[in-house]
Amino acid sequence: NMTQIGFFTATMPPLVEEYIMDKFPMITFEKAYFGSSHATQTRIDTFNVKVTPAEKNMVVKMFLEKEAKGRGIIFTNQKNQADELFKYLSEKMPKLKVRVIHGDLEAKDRESAIRSFRDGKAQVLVATDIAARGIDVKDLVWVVNYGLPKTAIYYLHRCGRVARGGRHGIVYNLVASHDSKMINEINESIRNQKH
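Residues numbered from 1 in each chain as written. Predicted model: local features only at pLDDT ≥ 70, side-chain atom pairs only at ≥ 80, totals over all residues. Heavy atoms only, no water.

Glancing now at the overall build of the chain. Scanning the chain for helices and strands turns up 7 helices and 6 strands. If you list the helices and strands of the chain from N to C, you get α-β-α-β-α-β-α-β-α-β-α-β-α. Per-residue burial over the chain gives 42% buried out of 195 residues. Of the roughly 11,900 Å² of accessible surface on the chain, 54% is carried by carbon and sulfur atoms. (Helix = DSSP H or I, 4+ residues; strand = E, 2+ residues; numbered from the N terminus. Buried < 20%, exposed > 50% of the residue type's maximum accessible area, 1.4 Å probe, protein only. Areas by Shrake-Rupley, 256 points an atom, 1.4 Å probe, with all protein chains shown as cover.)

Further remarks concern the confidence of the model for the chain. The predicted model of the chain averages 81 in pLDDT, with 76% of residues at 70 or higher. Per-residue pLDDT, averaged within each element of the chain, yields its smallest value for helix α1 (residues 14–23) (68) and its largest for helix α3 (residues 79–92) (96). Below pLDDT 50 for its whole length, residues 34–38 participates in 8 contacts with residues either more than four positions away or in separate chains. (pLDDT = per-residue confidence, 0-100. Contact = heavy atoms within 4.5 Å.)

One turn of an α-helix holds 3.6 residues; hence residues three or four places apart share an orientation. With 14 residues, α3 extends 20 Å between its outermost C-alpha atoms, agreeing within 8% with the 20 Å of an ideal straight helix rising 1.5 Å per residue. Residues of α3 that are buried include every one of Ala82, Leu85, Tyr88 and Leu89, and no others. The buried residues of α3 occupy an angular sector of 135° when projected down its axis, which confines them to one face. Residues of α3 that are exposed and angled more than 90 degrees away from the buried face: Glu84, Lys87 and Glu91. Here the buried face of α3 lies against α2 (56–66), β2 (71–76), β3 (98–101) and β4 (124–128). (Expected span 1.5 Å × (residues − 1). Arc of directions from axis to C-beta.)

The subject of this paragraph is the nonpolar core. Counting 25 residues, the largest nonpolar core has Ile73, Phe117, Leu125, Ile135, Tyr155 and Val171 as its most contacted members. Elements that contribute at least two residues to this core include exactly β2, α4 (107–118), β4, β5 (140–145), α6 (152–159), β6 (169–175) and α7 (180–193). With 4 residues, α6 is the single largest residue contributor to this core. Once residues within four sequence positions are removed from consideration, Phe117 is found in contact with Arg71, Gly72, Ile73, Ala122, Gln123, Val124, Leu125, Val137 and Leu140. (Core = buried A, V, L, I, M, F, W, Y, C linked by side-chain atoms within 4.5 Å.)

Topologically, His102 is positioned in the loop between β3 and α4. In this structure His102 comes out as buried when scored by relative accessible area, which is 3%. Looking at His102, its side chain comes within polar contact range of the side chain of Asp83, at 2.9 Å. (Polar contact = N/O pair within 3.5 Å; in protein donor to acceptor, adjacent residues only side chain to side chain.)

For the structure shown, the criterion picks out 6 salt bridges. In this structure, Lys61 and Glu65 form a salt bridge, with 3.1 Å as the shortest nitrogen-oxygen distance. Of the two residues, Lys61 and Glu65 both sit in helix α2, 4 residues apart, roughly one turn of that helix. A salt bridge links Arg71 to Asp139, with the shortest nitrogen-to-oxygen separation between them at 2.8 Å. Placement of the pair is Arg71 in strand β2 and Asp139 in the loop between α5 (129–132) and β5, with a sequence separation of 68 residues. (Salt bridge = Lys/Arg side-chain N within 4 Å of Asp/Glu carboxyl O.)

Strands sit in the order β1-β6-β5-β2-β4-β3 across an open sheet of 6 strands; the sheet is parallel. Edge positions in the sheet fall to β1 (44–50) and β3, since each of these pairs with one other strand and no more. On average, adjacent strands in this sheet sit at an angle of 20° to one another, irrespective of strand direction. Two strands pair when backbone bridges link them, and β2 and β5 are joined in this way by 5 bridges, in the parallel orientation. Its bridge partner being in β5, Ile73 is matched across the sheet by Val143. Of the strands in this sheet, β2, β3, β4 and β5 touch α4, which is tilted by about 140° from β3. (Pairing = 2+ DSSP bridges. Axes fitted to C-alpha atoms, helices over the stretch in contact; angles between N-to-C directions.)

Tracing the backbone through its elements, the reader meets Leu105 in the loop between β3 and α4. For Leu105, a relative accessible area of 23% corresponds to the partly exposed category. Spatially, the C-alpha atom of Leu105 lies 9.6 Å from that of Lys79, the residues being 26 residues apart in sequence. Leu105 has contacts with Val100 and Arg110, leaving out every residue within four places of it along the chain.

This is the structure:
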C-alpha cells in the first residue's frame, strides 16, 4: 500500500528545503506552487556569462569596473571562495568599499558587515547564502552569482533581493561548463513561475 507525504508551506526557505532533502534522501518530491509566492520579479534582466573557474575573479573585477552601477551582492557557494574573492578585490581594487560575510565569521563581524552594507557605507557585499539570509536592502541594483546555487529555490531567493518595489534589477550568472545542468533547472523553474 502506498503512503503519500505532503508538505504545505506558505514559503519555501532554503532551510526547509535542506531539512526535507536531509530527512527524505530517497524521495523526490513533486513541487506545486500556488499563486505568486515565489514569482520572480518581471523587472530583472539576467545575463549568463560563460567562464572557466580560473577566470571568475577577473570577470568580477571587470564587471565592477565597467558595468556595475549602484550596490550589489556577489554570492559564492563556499566560505573559502568568499574569502578569496574578498581578498582579491581588496588587493586589486583598493578604492572599492567591499565587505564579506559568511558563516565562519564571528557574529559581531557579520553584524558589522551587514550594518555597513545596509547603511550604504559599503558598495559591494561578498556573501554565502546562509550568511545573507534576512538581508533586505532597499536599493540593491544587481546580484552576481559567482557560482550557481545548488537548487533553483536558492537562485530565486538570491535574485529576489533586487528589483524590490517594482525597481529594475540585474542578475549576472558566471556559468562554468559544469553548471549547464543547473542552468537548465533554473530556467525551467523560472518558466514555471510565469504560467
